[in-house]
Each structure stands twice: as structure tokens, then as C-alpha cells.
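Understanding the architecture of this molecule
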Amino acid sequence: MQIREIPEQLAGKRLDQALAVVFPEYSRSRLKLWLEHGRIMVDGIQKRPRDKVKSGESVSVNPELDHSDTVQAEAIDLDIVHQDKHILVINKPAGLVVHPAAGNWSGTLQNGLLYFDPALSGIPRAGIVHRLDKETSGLMVVARTLEAHHSLVSQLQDKTVYREYHALVIGEMISGSTIEAAIGRHSTDRKRFAVRDNGKPAVTHYRVLEKFHQFTLLRVQLETGRTHQIRVHLAHIGYPLVGDPVYRGRLQVPKGAGEELKTILQQFQRQALHAAKLGIIHPETDQELSWAAEHPEDMQKLISIIRSNQ
């Protein structure tokens, strides 16, 4: 059980709003579920999400035992870019699921982290504070202490974590721009997301890194972190990611493409998206740190072949 106090600056806020600040290591949806099941008490009393909180009130959270609390350690190869007593920086390969969920209860990054460092069992989600889609490769930071976890979650909420993605899209872009379009669940396909007026605000910045014939390599930065945000936004403006099985639509091989290019485009069955750079303030030293990771081999080969077909 975890017990924390409502700070003065949150007095008068709704309980569900205050919980998101006081317990930032848990998602809003999980906190809401625990509220509904009586696992969150305010001064020993169960309250409703809309009830107002008072400064100094004691809030206790009794996390419900679920799959995420019983994740097993598994020997999984991890590409560790940096490690110290407080954090790990991982270069995640495409194909590796970040944490267990329906259909993927084992073989995830979280399973591998628990094997690498059993002490991570005492940190929410084994220290994972942000995620990448299964088929997106690149850099992720992991907290190794509760203090580091709190710091990193705060940095993510304050949008001070630097994350740069490289995306290979279909189509020739002239210049970069910013996409501001709300994202929500697709109206008919619950596994997909779409630009929707009633969705959550989402902002994506992109700049051209390299232009090719019928393709463009982009540098992308996010102001928000909605699920599938880069994939949804770029597809929305007519430049879907190469290989994206969900948002690309039917594969169209460029006219005049050589056999090598045709073959690799047909075989590249994941979104060509890579988290290339990561920057944080170290939770213990307050030092600004940054890392870079080269494109994985499959993406390097794809870009090389596209470049040679100019």
C-alpha cells in the first residue's frame, strides 16, 4: 500500500485530477479502475472521482493484483546503451513488445528487464516510463529507483524529455511543418486510431532530412504522446510510413522501380520508424544527457536501396 498527502496546490481539485499528480507512476485509467473498486481511500473513506480534495488529506492506494504485477523474469537480450544506479537506456529492436498485454503476456521488454535487474520488481512496470510500438525501434529510458521513476515521469509530463524520431514516408515532401490534430479511437476499428474532432489534442513537428524519388526521410518530434501519433498524423496528411500495415493502405511500388527496390518494399512489413535520439535530465545529478542510435539494419538497407534507385 502507498500513502501520500494532498499538497496545498491541489486543494479544491477533483479527486481523479489530484490522483494523476500525486501518483504519476500510474495511468489515469488504472487509477480510475482502483477508485471504482475501492482500492483508493481518502482519510480512510472511499470517495467518488468528482469529489473535491483538501490540503493535507491522506490518500492510500492499494494496487490490485493483475497481470502486470505478476510479470515473470525472462532471459531476453537487451541492447543497453547506458546504465548506472538510477537509469537504463535501451535501444529496443523492432518486434519487441514493451510490456505485457492481451496476446503478449511474455517475451516483452518488461520480462527482460526483470531478468536483468530483479530489483526492478519494486518499480512500477519495472521502471518503464514511456513506450514504443512493437514494430518501432529505438531509444527508451528506464528508471531503476522510485526517485528516478518520479523524476522521469515528471520530465515527460513537463515535456522536457527530448525525443527525436526518424520516419521514412511515402511521397515527396517539400518542407517540414507542424501537425495539430486531435487523435482518438477509430469509429469502427477499435485497434486503430484516427484524427477526430472529439479526440485528445496531439501535436507533431517534422522536418525533412533527405528527399528521394517518391519517398522522404523525416526528423519528427512530439509535443504530445498519443498512441500511434506519428503514424496517424503522417497518414492523415497523405504521407504514410513505409511498411505500416495499419495506416499505409495498399502497397504501391513506384513506377520505374528496380527489382531490388520492389522486393524490399514488399518484404518490409513494419512501419519505418526509429526513435533515433533521446535526451533527459539525469534524476540524480541534474546533468543533461543525450544518446543517439543508428537506424537498425533493415531500415538502413531500405534507405540505401531507395537512395540507389534515384
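Structure report, in brief. (Residues numbered from 1 in each chain as written. Predicted model: local features only at pLDDT ≥ 70, side-chain atom pairs only at ≥ 80, totals over all residues. Heavy atoms only, no water.)

**Looking at the overall build of the protein chain**
Defined as follows: Helix numbers and strand numbers start at the N terminus; a helix is a DSSP run of H or I with at least 4 residues, a strand a run of E with at least 2. Buried residues are those whose accessible area, probed at 1.4 Å on protein chains only, stays under 20% of the maximum for their type, while exposed residues exceed 50% and partly exposed ones sit between those limits. Any two residues whose heavy atoms approach within 4.5 Å are treated as being in contact. The charged-residue count follows a simple rule in which Lys and Arg add positive charge and Asp and Glu add negative charge, with His and chain termini not counted at all. All charge positions are set by atom: Lys at NZ, Arg at CZ, Asp at CG, Glu at CD.
Within the protein chain, the regular secondary structure consists of seven helices and 14 strands. Along the longest, intermediate and shortest principal axes, the C-alpha atoms of the protein chain span 70 × 45 × 40 Å. Looking at the protein chain residue by residue over its 310 residues, the buried ones come to 45%. If you take every contact in the protein chain between residues at least 6 apart in sequence, the share linking residues at least 24 apart comes to 65%. Measuring between centres, the 39 positive side-chain charges of the protein chain sit 7 Å from its 36 negative side-chain charges.

**As for the side chain of threonine 216**
Selection rule: Polar contacts, as used here, are pairs of N or O atoms within 3.5 Å; protein pairs need one atom able to donate a hydrogen and one able to accept it. Residues neighboring in sequence count only if both atoms are side-chain atoms.
Tracing the backbone through its elements, the reader meets threonine 216 in strand β12 (residues 215-222). Classification of threonine 216 as buried rests on a relative accessible area of 0%. Side-chain polar atoms of threonine 216 contact the backbone oxygen of glycine 171, separated by 2.7 Å. A distance of 2.9 Å separates a polar side-chain atom of threonine 216 from the backbone nitrogen of methionine 173.

**So, the packing of helix α1 (residues 15-22) against helix α2 (residues 28-36)**
Two quantities define a packed helix pair, namely the angle between the helix axes and the distance between the axes. Here is the rule: Axes, fitted as lines to C-alpha atoms, cover a helix only where it is in contact. Angles between the N-to-C directions of the axes lie from 0 to 180 degrees. Note on angle classes: values under 35 degrees are labelled roughly parallel, values over 145 roughly antiparallel, values of 65 to 115 roughly perpendicular, and the remainder oblique. Each crossing gets its handedness from the near helix: less than a right angle anticlockwise from the far helix is left-handed, clockwise is right-handed.
Contact geometry for α1 and α2: axes closest at 10 Å, N-to-C directions at 125 degrees. Judged by the inter-axis angle, α1 sits oblique to α2. Our pair here, α1 against α2, has a crossing hand that is right-handed. Facing Leu15, Asp16, Leu19 and Ala20 of α1, the residues of α2 in contact are Arg28, Leu31 and Leu35.

**Digging into the sheet that holds strand β3 (residues 58-61)**
Hydrogen bonds along the backbone pair up the strands of a sheet, which may run parallel or antiparallel. Cut-off, in case you're wondering: A strand pair is defined by DSSP finding two or more bridges across the two strands.
Pairing is antiparallel in the open sheet, where three strands are placed in the order β1-β3-β2. Two strands bound the open sheet, and with one partner strand each, they are β1 (2-5) and β2 (40-42). Looking at each pair of strands side by side, their axes are set apart by 20 degrees on average, direction ignored. Alignment of β1 against β3, held across four bridges, turns out to be antiparallel. Along β3, the bridge assignment pairs glutamine 2 with valine 61.

**Some thoughts on the pattern of salt bridges**
A side chain with one charge may pair with a side chain of the opposite charge, provided their charged atoms come close. To keep things clear, this is the line we draw: One side-chain nitrogen of Lys or Arg within 4 Å of one carboxyl oxygen of Asp or Glu is enough to make a salt bridge.
Counted under the stated rule, the structure contains 10 salt bridges. In this structure, the salt-bridge partner of arginine 270 is aspartate 298, at a minimum N-O distance of 2.8 Å. A residue pair is termed long-range when its members are at least 10 positions apart, and arginine 270 in the loop between α6 (259-267) and β13 (273-281) and aspartate 298 in helix α7 (residues 297-308) qualify at 28 residues. The class of aspartate 298 is partly exposed, set by a relative accessible area of 32%. Here the residues in one salt-bridge network are Arg131, Asp133, Arg231 and Asp244, joined through shared partners.

**Some thoughts on α1**
For α1, every residue scored as buried is listed here: Leu15, Ala18, Leu19, Ala20 and Val22. Those residues of α1 that are buried lie in contact with β1, α2, β2, β3 and α4 (146-157).

**Regarding unusual backbone geometry**
At histidine 228, a position not held by glycine, the phi torsion is positive, near 60 degrees. Following the sequence through the fold, histidine 228 ends up in the loop between β12 and α5 (229-236). Of note in the backbone geometry, aspartate 286 takes a positive phi value of approximately 65 degrees without being a glycine. Take aspartate 286: it is sitting in the loop between β13 and β14 (288-292).

**Some remarks on the side chain of glutamate 164**
Note on placement: glutamate 164 falls in strand β7 (residues 162-170). The charged side chain of glutamate 164 is buried without a salt bridge, its nearest counter-charge being arginine 219 at 4.0 Å. There is a polar contact of 3.0 Å between the side chain of glutamate 164 and the side chain of histidine 166. In contact with glutamate 164, not counting residues within four places along its chain, are Arg219, Val220, Gln221, His274, Ala275, Ala276 and Lys277.

**Observations regarding the packing of α6 against α7**
Where α6 contacts α7, the two axes come as close as 9 Å, and the packing angle between them is 150 degrees. Viewed along their axes, α6 and α7 adopt a mutual orientation that is roughly antiparallel. In the crossing of α6 with α7, the sense of the turn from one axis to the other is left-handed. Contacts from Glu260, Leu261, Ile264 and Leu265 of α6 reach α7 at Lys301, Leu302, Ile305 and Ile306.

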